[in-house]
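Structural features, examined
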Amino acid sequence: MTYFPEEVVEHIVDFLGSHRDRNAMSTVCTAWYQVERLSRRNVFVGNCYAIRPERVMARFPWMKSLSVKGKPHFADFNLVPYDWGGFAQPWIEAAARGCPGLEELRLKRMVVTDDDLELLARSFPNFKSLVLVSCEGFSTDGLAAIATYCRGLRELDLQENEVEDHGHQWLSCFPDSCTSLISLNFACLKGEVNANALERLVARCPDLRSLKLNRAISVESLNRILTRAPHLVDLGTGSMMLNHHTEAYHRLINTFLKCKSLRSLSGFCDASSCCLQAVYPVCMNLTALNLSYAPAIQGDDLIKLICLSVASACKDLQELRVFPSDIYGAGTAAVTEEGLVAISSGCPKLNSLLYFCYQMTNTALVTVAKNCPHFTRFRLCILDPGKPDPVTNQPLDEGFGAIVRSCKNLRRLSLSGLLTDKVFLYIGMHAEHLEMLSIAFAGDSDKGMVYVLNGCKNLRKLEIRDCPFGDDALLKDVTKYETMRSLWMSSCDVTLGGCRALAAKMPSLNVEIINESDEANEFQENFGDLHKVEKLYVYRTVGGGRTDAPDFVWIL
Amino acid sequence: MEAAARYVKDGADLRDTELRLGLPGSEAPEKPAVPSTRGGKRALQEDDDMESRGKSRPLEADSAEAPAAKAQIVGWPPIRSYRRNSFPPRKAEAEAAGLYVKVSMDGAPYLRKIDLKVYKGYKELKEAMENMFDCFTQGEVSRKDGCSSGSESAITYEDKDGDLMLVGDVPWEMFISSCRRLRILKGCEVRVLRTRQYS
């Protein structure tokens, strides 16, 4: 056997970027495991309860960038109780002890407190980038700590977090010596922001490329900021309440004319149609446009804007998200299958779609599947649960079947509308690369779920709500869950007995029952095996049971 | 196909396979029993929510059920609350809430409140207000000296900026959206107002 020098392995490992490649490589032998772990710079933990933070720090001491996810996806829709878990504290504490060289931290759907942020700010001298997505539990005081203590901070990106407003002073906490900011996003903050401090901050950060303002920033302030930072690539406007007869409007147009580098636009809070004209100068260069926070913009103006920005590039459109303008009823401007068919015929490169609509037909889906075979993410939400094809009154099995047959690289799929077990048969047969599947109000029997578990070899996340899947499906192939990150089932037919059986057979899984009813705590022991489980969350873990679970979470 | 055929059947057949509480042979409840019911106690307490919370079986999905029931399903549609807040409020709620503003009349001992949404235009509003304060108008005539007619009055309103405006200048819809409270000016003040108008 030829001796393979470690230095060679080290050199090769440097070329390995992807987590999967590195994970695979580290299982070859102990020597390779050691080489890999000491050279890993980016660590991704998809489920914060899958492993204890200390183990991560011990294995990867030279980690520079850490990304951790907490709550399950359905927490976004209020299906996970507020204090379920997902605390950032143990991660930040462990990193402070074990990896002081940490430079980047990205947390998603986790509970982060002001104390956590202060610890973070004080513990890592080289800290450069903080990205918080859909987190909660902190206030602007925590941001003040970050601004104050993180010398050399390059990125502070707050995406859709719940942040308590304790005043606007935080922005003034960036010292005058802070000139390193490249990206600043505080669009989710609800409170006032010190516009002067912001303008001065922008002025002294020549490398600033991405700036996303919140609603409190006026148009006048935006104008001043853009004047100081015409080299921005990514802009999220603040309030865009603007009348096009005013000075401010004309000034803004002129300012936008100078922003030659702008490629991505978002924000447009409270925007009316007339203010859209202010951004026409930059439209042609846009690669990304987010108008989802401007429900007041009417159809015609929207079309004009899209034509200006996307028309010539339409055939290159890759990602589209269409949100409902009225979630409580169809209204006269209901989005239907027609829109989707039209888009698919003009945009063959479309690979990522999130589409809320009032109705969908099988014919439309078949057409879309034919026009756009490159979908990697296809999420369709028909607002009325269990709604059939309105033309034929049939389930949408065939339509979705066409999607999974045609889109060979489909990785993420969300289903809606009236669906039987058949659609799951199709998914199991054809969706080879499917990694994440979201199901609601669908299926007839356990067979549906079993088709998916048997067929989708690359399935990582399965989330199900309000479907008639029970213990038989859950227990059909218990080892499958070890190959997945997690399974969520709520308002289905699984019973406590079934969950207990699963937990007994698979010690490597955490089987969590979330039971919010008041009686649950008193009669915990008295619930028999036939008791239907409200919410079930199963995930693989090498970290053992959680120690921070609240009362209403039972870990079997 | 067997599955397809099921959807043509009457909903009553599904009751045979439904899980529900009750002794064998007892009558099925009027409401479609919801398989997502968890435990007896909860079913009783949340009876009202059952229809809206439950899985919608195929037939019920396209029945003439009120959309309001669907809108109450927890976590549906799957839109982050962050986004929901940027939507306009439910029309039904907005209509039900009404647009109540205070109405004061100079000299009247107490104020009234009216719902602006009930009226279609200025004429109706003025009539309603005159009726409302009718009882006070009678007494006005004798008390004020130097004023020609106690029945002369002008209806003004306080707008979003806090300014006192004369009712009737702007289109009705615009008025409704900017009116914060109403004030009926009587006698002398009205003459002053009228004088200013023509000066």
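What you are looking at is a predicted structure, and each value in this text was computed from that prediction instead of being measured.

1. Quick word on helix α17 (residues 421–430) of chain A
Within α17(A) the residues assigned to the buried category are A:Asp421, A:Val423, A:Phe424, A:Tyr426, A:Ile427 and A:Gly428. Here the buried face of α17(A) lies against α16 (397–406), β16 (412–414), β17 (436–440) and α18 (446–455) of chain A.

2. Section: the nonpolar core
Residues and elements named next belong to chain A. Core analysis: the biggest nonpolar cluster contains 98 residues, and Leu66, Phe174 and Phe186 have the highest contact counts within it. Setting aside residues up to four positions removed in sequence, Leu66 forms contacts with Val43, Val45, Met57, Trp91, Leu102, Glu104, Leu105 and Arg106. Cys357, Ile403, Phe469 and Leu487 belong to the second largest nonpolar core, which has 68 residues in total.

3. Digging into the sheet that holds strand β21 (residues 535–540) of chain A
Residue and element names in this part refer to chain A. Read across the open sheet, the 10 strands follow the order β13-β14-β15-β16-β17-β18-β19-β21-β20-β22; overall the sheet is mixed. Either end of the sheet is taken by a strand with one partner, and the two such strands are β13 (319–322) and β22 (553–555). Across the sheet, the axes of successive neighbouring strands diverge by a mean angle of 10°, strand direction being ignored. Two strands pair when backbone bridges link them, and strand β18 (residues 461–465) and strand β19 (residues 486–490) are joined in this way by 5 bridges, in the parallel orientation. Residue Leu462 lies in a different strand from β19, and its bridge partner there is Leu487.

4. As for the side chain of A:His73
Residue and element names in this part refer to chain A. You can see His73 is positioned in the loop between β2 (65–69) and α5 (89–98). Overall, the relative accessible area of 14% leaves His73 in the buried class. A polar side-chain atom of His73 sits 2.7 Å from a polar atom in the side chain of Glu463. Those residues in contact with His73 that lie beyond four places of it in its chain are Arg109, Arg412, Met436 and Glu463.

5. A closer look at the sheet that holds β2(A)
Residue and element names in this part refer to chain A. The strand order across the open sheet built from 10 strands is β1-β2-β3-β4-β6-β8-β9-β10-β11-β12, with neighbouring strands paired in parallel fashion. With one partner strand each, in any of the chains shown, β1 (42–45) and β12 (288–289) form the two edges of the open sheet. For β1 and β2, the ladder comprises 4 bridges, and the chain directions are parallel. What sits directly across from Val43, in β2, is Leu66.

6. What to know about the confidence of the model for chain B
Note that predicted coordinates carrying low pLDDT should not be read in detail. All names here are of chain B. Per-residue confidence for chain B gives a mean pLDDT of 63; residues scoring 70 or more make up 44%. Strand β4 (residues 164–166) holds the highest mean pLDDT among the elements of chain B, 88, whereas helix α2 (residues 40–45) holds the lowest, 36. Confidence over residues 1–12 falls short of pLDDT 50; this stretch has 16 contacts with residues more than four positions distant or in other chains. In the model, residues 90–95 has pLDDT below 50 throughout and makes 4 contacts with residues more than four positions away in sequence or in other chains. Overall fold confidence for the complex sits at a pTM of 0.76, while the interface term, ipTM, reaches 0.84.

7. Re helix α6 (residues 114–123) of chain A
Three or more residues of α6(A) are buried, namely A:Asp116, A:Leu117, A:Leu120, A:Ala121 and A:Ser123. If you follow the buried residues of α6(A), they end up packed against α5, β3 (104–108), β4 (129–133), β5 (136–139) and α7 (140–149) of chain A.

8. Some points on the environment of B:Val118
Residue placement: B:Val118 occurs in the loop between β2 (112–115) and α8 (122–132). Placed 18 residues apart in sequence, B:Val118 and B:Tyr100 show a C-alpha to C-alpha distance of 9.8 Å.

Rules used throughout
- Residues numbered from 1 in each chain as written.
- Chains lettered and ligands numbered in written order.
- Predicted model: local features only at pLDDT ≥ 70, side-chain atom pairs only at ≥ 80, totals over all residues.
- Heavy atoms only, no water.
- Buried < 20%, exposed > 50% of the residue type's maximum accessible area, 1.4 Å probe, protein only.
- Helix = DSSP H or I, 4+ residues; strand = E, 2+ residues; numbered from the N terminus.
- Contact = heavy atoms within 4.5 Å.
- Core = buried A, V, L, I, M, F, W, Y, C linked by side-chain atoms within 4.5 Å.
- Pairing = 2+ DSSP bridges.
- Axes fitted to C-alpha atoms, helices over the stretch in contact; angles between N-to-C directions.
- Polar contact = N/O pair within 3.5 Å; in protein donor to acceptor, adjacent residues only side chain to side chain.
- pLDDT = per-residue confidence, 0-100.

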